[in-house]
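Residues per chain are reported as follows:
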Amino acid sequence: MRVTVYSVLKDHFDSSFNLDEQFSSVEELKNRLEQIKPQSAAILNACRFAVNDEFVKLDFKIKEDDTISILPPASGG
Amino acid sequence: MIPSPSYPQPVEDNFEYISDRCLDIVGLLANSHDPKAGALVLFSGDVRDNNIGKDVAYLEYEAHTSLASKMIKEILEEAIVKWSLKLAVAQHRVGKVGVGESAVLVITSSPHRKEAYQANRHIIDRIKHEVPIWKCEVFTDGTKQWGNNCNCSTITGKADKHIYESSSTEKA
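Right, let's walk through the structure included here. Here the structure is a predicted model, which is why all the values come from computation and not from measurement.

**Comments concerning the interface of chain A and chain B**
Point 1. Residue-level contacts link 20 residues of chain A with 25 residues of chain B.
Point 2. Around 1900 Å² of area is buried between chain A and chain B when both sides are counted, 53% of it from carbon and sulfur atoms.
Point 3. Broken down residue by residue, the surface that chain A buries against chain B is led by Asp53, Ser75 and Gly77 of chain A, which jointly contribute 32%.
Point 4. Connecting chain A to chain B are 2 salt bridges.
Point 5. The shortest N-O distance in the salt bridge between lysine 10 of chain A and glutamate 62 of chain B comes to 2.7 Å.
Point 6. Run the count over chain A and chain B and you get 16 residue pairs in polar contact (both at pLDDT 80 or more).

**Let's talk about the nonpolar core**
Point 1. Ranked by size, the top nonpolar core spans 44 residues in total, and within it Ile72, Ile123, Val131 and Ile133 of chain B carry the most contacts.
Point 2. Among the secondary structure elements, those contributing two or more residues to this core are strand E4 (54-63), helix H2 (65-82), strand E5 (87-93), strand E7 (102-110), helix H3 (113-130) and strand E8 (133-139) of chain B.
Point 3. Among the elements that make up this core, the one with the highest residue count is H2 of chain B (8 residues).
Point 4. Among residues more than four places away in sequence, those in contact with isoleucine 133 of chain B are Ala74, Ser75 and Gly76 of chain A together with Ile18, Tyr61, Glu62, Ala63, Ala68, Ile72 and His92 of chain B.

**Some words on the pattern of salt bridges**
Point 1. In this structure the tally under the stated criterion is 10 salt bridges over all chains.
Point 2. With a closest N to O distance of 3.0 Å, arginine 32 of chain A and glutamate 21 of chain A form a salt bridge. Linking arginine 32 of chain A in helix H1 (residues 26-36) with glutamate 21 of chain A in the loop between strand E2 (16-18) and H1, this pair joins segments that are 11 residues apart in sequence.
Point 3. Judged by its relative accessible area of 27%, arginine 32 of chain A is partly exposed.
Point 4. Exposure remark for glutamate 21 of chain A: the relative accessible area of 34% places this residue in the partly exposed category.
Point 5. Linking glutamate 54 of chain A and lysine 70 of chain B is a salt bridge whose minimum nitrogen-to-oxygen distance equals 2.8 Å.

**Considering the sheet that holds strand E2 (residues 39-46) of chain B**
Picture the strands of a sheet paired through backbone hydrogen bonds; they go either parallel or antiparallel.
Residue and element names in this part refer to chain B.
Point 1. The 4 strands lie next to each other as E1-E5-E7-E2, forming an open sheet whose pairing is mixed. Taken across any chain shown, the strands that pair with only one partner, and hence form the sheet edges, are strand E1 (18-19) and E2.
Point 2. Where E2 lies against E7, 8 bridges are found, and the strand directions are antiparallel. For serine 44, the partnering residue across the bridge sits in E7 and is leucine 105.
Point 3. Against the sheet, H2 contacts E1 and E5, and its axis sits at roughly 155° relative to E5.
Point 4. Against the sheet, H3 touches E2, E5 and E7, its axis set at about 150° to E7.

**Re the side chain of serine 40 of chain A**
Point 1. Tracing the backbone shows serine 40 of chain A in the loop between H1 and helix H2 (41-45).
Point 2. In terms of polar contacts, serine 40 of chain A uses its side chain to reach the backbone carbonyl oxygen of lysine 37 of chain A, at 2.6 Å.

**Quick look at the packing of aromatic side chains**
Point 1. On inspection of all chains with the given rule, the structure shows 3 aromatic pairs over all chains.
Point 2. Their ring planes at 75° and their centres at 5.1 Å tell us that phenylalanine 15 of chain B and tyrosine 17 of chain B sit as a pair that is edge-to-face. Assigned by exposure class, phenylalanine 15 of chain B and tyrosine 17 of chain B land together as buried.
Point 3. For the cation-ring pair, lysine 37 of chain A lies above phenylalanine 13 of chain A, with the distance from its terminal atom to the ring centre recorded as 5.5 Å.

Parameters and conventions
- Residues numbered from 1 in each chain as written.
- Chains lettered and ligands numbered in written order.
- Predicted model: local features only at pLDDT ≥ 70, side-chain atom pairs only at ≥ 80, totals over all residues.
- Heavy atoms only, no water.
- Contact = heavy atoms within 4.5 Å.
- Buried area = accessible area lost by both parts, 1.4 Å probe.
- Salt bridge = Lys/Arg side-chain N within 4 Å of Asp/Glu carboxyl O.
- Polar contact = N/O pair within 3.5 Å; in protein donor to acceptor, adjacent residues only side chain to side chain.
- Core = buried A, V, L, I, M, F, W, Y, C linked by side-chain atoms within 4.5 Å.
- Buried < 20%, exposed > 50% of the residue type's maximum accessible area, 1.4 Å probe, protein only.
- Helix = DSSP H or I, 4+ residues; strand = E, 2+ residues; numbered from the N terminus.
- Pairing = 2+ DSSP bridges.
- Axes fitted to C-alpha atoms, helices over the stretch in contact; angles between N-to-C directions.
- Phe/Tyr/Trp six-rings, centres within 6.5 Å; stacked < 30°, edge-to-face > 60°.
- Lys NZ or Arg CZ within 6 Å of the ring centre and 35° of its normal.

The following block contains the structure:
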């Protein structure tokens, strides 16, 4: 699966990266990312997640070739 | 969203809701007049030269462009229905935006001013809180800071539940 992150999350992760591991849900992915970078936990907890231009909930079932976008709180305007 | 046929239609199918170029405020405004609209409101979110007591050199915006474009379009369509607008347009910059430049633009028009004002404020509130666009402030001292002007989740407990400034004015 491919993961794309934005904004302040780029201080913790590459803007786009592949994960060889397979996760059954967005929540599992989020938990793994928190393990990899514990200091990202607070911001990850405030993030929304999207797949194919649709917001998904934490129980969304990830497919192998999905690209998951992780979206910190907006700060446009 | 359908102005009089004799007037140009600014919101085309390929309209760039997210743009990496300077926003054409004058051009968009010129195309937004409608003979059935007695009120036209334009909001421009400009880059200030200071924030949190520091001098701002410029802002750098990024967006999830496809999702942000889709959301802005939906927000505009909802506002047109809710306030019976003649027109609603919004465009947001990405990339480097200098002090004094427009980072975001919202234009609304309606037969009378109340609806155009209310809808305009509602639209900019929703863009700021909901649409996946982020600003990074770059200060003249070389430091930078990602904006966090939406921290509603600390109050509402949910990343998709927001508190809008315009709520109080809409109820008034």
